[in-house]
Amino acid sequence: MARLHVVTGKGGTGKTTVAAAMALALADQGKRVLLVEVEGRQGIAQLFDVPPLPYVERKIATGVGGGEVFALAVDAEAALLEYLDMYYHLGRAGKALDKVGAIDFVTTIAPGLRDVLLTGKVYEATRRKAHGKLAYDAVVLDAPPTGRIGSFLNVNHEVANLAKVGPIRNQADAIMGMLRSDVTRVHLVTLLEEMPVQETLDAVEQLEALDLRIGSIVVNMVRHSPLDEDALALAVKEKLPTAELTKGLRAAGVRYGKAMVEALTAEAHDHAVRVGLERENRDRIDALGKQVTELMLQPEGIDQGSLIDLAEEFRG
């Protein structure tokens, strides 16, 4: 059963919101969950209305089933210090390097190292044990966007090719082994729009070529049309019956004229065209043959209440 859930998606699709809702859904099942972000945006803190997250695991929510959500914002420089202390016992020496700016210099000139450190911390958190059992039942990673997810998750494979032997090679092999195992699933968030869907299709192909396992495609911000099929067909052709429109306006007590009726007809046409395009994009997603999860649009925006609603949709 998967314990590491990697959530990615094109920018603007709501991947951080989806990652947070997924973590809450797991906590609702009574699980102890770690929600991790690696992009330095403090998006998790904003969603849960808590102070900016330090480089320490902090409880931010409790699920209805008694589970708990902890959060961690991984900082590459802090992760490097931790790595140096854990594997090379350079505790005080590592802090001295930090004071003179050496760590920031190293992670800047070798950006791939940053991803190695970030994935390494996620690996450690997923495997860590306390009192003889796993510290967390599940880890949810708010990962980089789809345009970068392949290189981010595959960075340790590249490192393993460079380091033929030694602890660095062993660590890189271990991380890739976990990412490619049944423990890990990659979930992709999309909207029913051309560019996000195309990025999702491209990312699925790339991830599977890297032997990484796809979990679900999360279609976010879904809107159901108030028009039935017949009305949509008429609206596309701009042939909605004017008499029905005016009757509805009259029943609602709305003062109207010819201009308003024409505007409503045009709006209905645009709506019907959008619905048609969304259905075409949904067909492209369904053709992947993957599990698809729909999350409804939250018209009032995202707050803790709407996160709970989205978590319920995940459980459903």
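This is a predicted model, so every value here is computed, not measured.

Looking at helix H1 (residues 15-28)
- End to end, H1 covers 20 Å across 14 residues, agreeing with the expected 20 Å (1.5 Å per residue, within 8%).
- Positioned one or two residues after H1, Gly-30 has a phi angle of 90 degrees, which is positive.

A word on the pairing of strand E7 (residues 138-142)
- In terms of residue burial, E7 counts as a mostly covered element, since five of its five residues are buried.
- Relative to E7, strand E1 (residues 4-9) is paired through four bridges, and the arrangement is parallel. From the neighbouring strand, His-5 faces E7, where its bridge partner is Val-140.
- Two elements, strand E2 (residues 32-37) and E7, share five bridges in a ladder whose sense is parallel. Paired with Leu-35 across the strands is Val-140, a residue of E7.

Focus: unusual backbone geometry
- A positive phi angle, close to 55 degrees, is found at His-131, a residue other than glycine.
- Relative to the helices and strands, His-131 resides in the loop between strand E5 (129-130) and strand E6 (133-134).
- His-131 gets classed as exposed once you look at its relative accessible area, which sits at 86%.
- Its identity is not glycine, yet Asp-211 carries a phi of approximately 65 degrees, on the positive side.
- Relative to the elements of secondary structure, Asp-211 occurs in the loop between helix H9 (194-209) and strand E9 (214-222).

Points about empty space enclosed by the protein
- Under the counting rule described, the total for this entry stands at one cavity of 30 Å³ or more.
- Taken as a whole, the largest cavity encloses approximately 50 Å³ of empty space.
- Lining the largest cavity are Leu-4, Val-6, Thr-119, Val-122, Tyr-123, Leu-141, Phe-152, Leu-153, Met-178 and Leu-179.
- Elements with a contribution of two residues or more to the lining of the largest cavity: E1, helix H6 (111-127), helix H7 (146-162) and helix H8 (167-179).
- Class assignment of the residues belonging to the lining of the largest cavity gives a composition of nine nonpolar, one polar and no charged.

Some thoughts on the layout of surface pockets
- Of the pockets and cavities examined, the second largest pocket occupies roughly 340 Å³.
- Every residue lining the second largest pocket is counted, 16 residues in all, and those nearest its centre are His-5, Met-22, Leu-26, His-187 and Gln-291.
- Among the elements that line the lining of the second largest pocket, the one with the most residues is H1, at three residues.
- Tallied by class, the residues present in the lining of the second largest pocket amount to six nonpolar, seven polar and three charged.

Points about the pairing of strand E4 (residues 68-73)
- Judged by how many residues are buried, E4 sits mostly within the fold: five of six residues are covered.
- Note that E2 and E4 share six bridges and pair parallel. From the neighbouring strand, Leu-34 faces E4, where its bridge partner is Phe-70.
- Inspection of the sheet shows strand E3 (residues 58-62) paired to E4 by four bridges, in the antiparallel sense. What sits directly across from Ala-61, in E4, is Val-69.

Looking at the packing of H1 against helix H13 (residues 304-315)
- With their axes 8 Å apart at the nearest point, H1 and H13 run at an angle of 65 degrees to one another. One finds that H1 runs roughly perpendicular with respect to H13. The element H1 and its partner H13 pack so that their crossing is right-handed. Contacts from Thr-17, Val-18, Ala-20, Ala-21, Met-22, Leu-24, Ala-25 and Asp-28 of H1 reach H13 at Leu-307, Ile-308, Leu-310, Ala-311, Phe-314 and Arg-315.

Describing the packing of helix H10 (residues 229-236) against helix H12 (residues 258-286)
- Interhelical geometry of H10 versus H12 gives an angle of 110 degrees and a closest axis separation of 8 Å. Taken together, the axes of H10 and H12 are roughly perpendicular relative to one another. Crossing of H10 against H12: the hand is left-handed. Contacts between H10 and H12 involve Glu-229, Leu-232, Ala-235 and Val-236 from the former and Ala-268, His-269, His-271, Ala-272, Val-273, Val-275 and Arg-279 from the latter.
- Looking at side-chain class alone, the contact of H10 with H12 contains seven nonpolar, two polar and two charged residues.

Rules of the game
Residues numbered from 1 in each chain as written. Predicted model: local features only at pLDDT ≥ 70, side-chain atom pairs only at ≥ 80, totals over all residues. Heavy atoms only, no water. Helix = DSSP H or I, 4+ residues; strand = E, 2+ residues; numbered from the N terminus. Expected span 1.5 Å × (residues − 1). Buried < 20%, exposed > 50% of the residue type's maximum accessible area, 1.4 Å probe, protein only. Pairing = 2+ DSSP bridges. 1 Å grid on protein atoms, 1.4 Å probe; cavity = no way out; pocket = protein on both sides within 12 Å on 5 of 7 lines; lining within 4 Å. Points joined across faces, edges and corners; volume = space filled by probe spheres on them. Nonpolar A, V, L, I, M, F, W, Y, C, P; charged D, E, K, R; others polar. Axes fitted to C-alpha atoms, helices over the stretch in contact; angles between N-to-C directions. Parallel < 35°, antiparallel > 145°, perpendicular 65-115°, else oblique. Left-handed = near helix turned anticlockwise from the far one by under 90°. Contact = heavy atoms within 4.5 Å.

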